[in-house]
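# Descriptive analysis of the structure
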Amino acid sequence: MIKLRLKRYGKKRNATYRIVAMNSRDRRDGRALEELGFYDPIREEVRLKEDAIKRRLEQGAQPTDTVRRLFVKANLLPQTKSQ
């Protein structure tokens, strides 16, 4: 199964993340199928490749909870009742 999830990089205590499409059984920092965006929680900066994300979602990729929240804020996914 393909998951849309965060891949950590950056210095210790100063992490930034790439939003990537990966096989769900691969390790967190393993090789990604495709990079879809960037997230910096310290500066609250988010950059997304919207067309690539929509294409992956149409193919059946499942975002993790954190990535889903980022997509809802960017209006790429509708907000669900639990959020």
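This text goes with the structure placed above it.
In this report, the structure presented in the accompanying data block is examined. (Residues numbered from 1 in each chain as written. Predicted model: local features only at pLDDT ≥ 70, side-chain atom pairs only at ≥ 80, totals over all residues. Heavy atoms only, no water.)

Attention now goes to helix α1 (residues 50-58). Taken residue by residue, α1 has A52, I53 and R56 as its buried positions. Along the axis of α1, the buried residues cluster in a sector spanning 100°; they form a single face. Residues of α1 that are exposed and angled more than 90 degrees away from the buried face: D51 and E58. Next to the buried residues of α1 lie β1 (2-11), β2 (14-23), β3 (34-40), β4 (45-48) and α2 (65-73). Note on α1: the residue one or two positions beyond its end, G60, has a positive phi of about 105°. (Buried < 20%, exposed > 50% of the residue type's maximum accessible area, 1.4 Å probe, protein only. Helix = DSSP H or I, 4+ residues; strand = E, 2+ residues; numbered from the N terminus. Arc of directions from axis to C-beta. Contact = heavy atoms within 4.5 Å.)

A word on the environment of E50. Structurally, the position occupied by E50 is in helix α1. Using a relative accessible area of 40% as the deciding quantity, one classes E50 as partly exposed. When the C-alpha atoms of E50 and R27 are compared, they prove to be 25 Å apart, with 23 residues separating the residues in sequence.

Our next topic: the sheet that holds strand β5 (residues 62-63). With mixed pairing, five strands are arranged side by side in an open sheet as β4-β3-β2-β1-β5. Pairing within the sheet leaves two strands with one partner each, and these edge strands are β4 and β5. By the bridge criterion, four bridges tie β3 to β4 in an arrangement that is antiparallel. Pairing of F38 across the sheet is with R47, part of β4. Its contacts with the sheet put α1 on β1, β2, β3, β4 and β5, and the angle it makes with β3 is roughly 120°. Set on the sheet, α2 makes contact with β1, β2, β3, β4 and β5; between it and β1 the angle comes to about 95°. (Pairing = 2+ DSSP bridges. Axes fitted to C-alpha atoms, helices over the stretch in contact; angles between N-to-C directions.)

Across residues other than glycine, the phi torsion is negative in most instances, and most of the peptide bonds are trans. The backbone of R13 sits at a positive phi, close to 60°, despite the residue not being glycine. Turning to its location among the elements, R13 is positioned in the loop between β1 and β2. In this structure, N75 is a non-glycine residue whose phi angle is positive, near 60°. Looking at the secondary structure, you find N75 in the segment after α2. The class of N75 is exposed, set by a relative accessible area of 69%.

Listing the buried residues of α2 in full gives V67, L70, F71 and V72. Tucked into the core, α2 has its buried residues touching β1, β2, β3, β4, α1 and β5. Backbone geometry just downstream of α2 places N75 in the positive-phi region, at approximately 60°.

In short, geometric facts, not functional conclusions.
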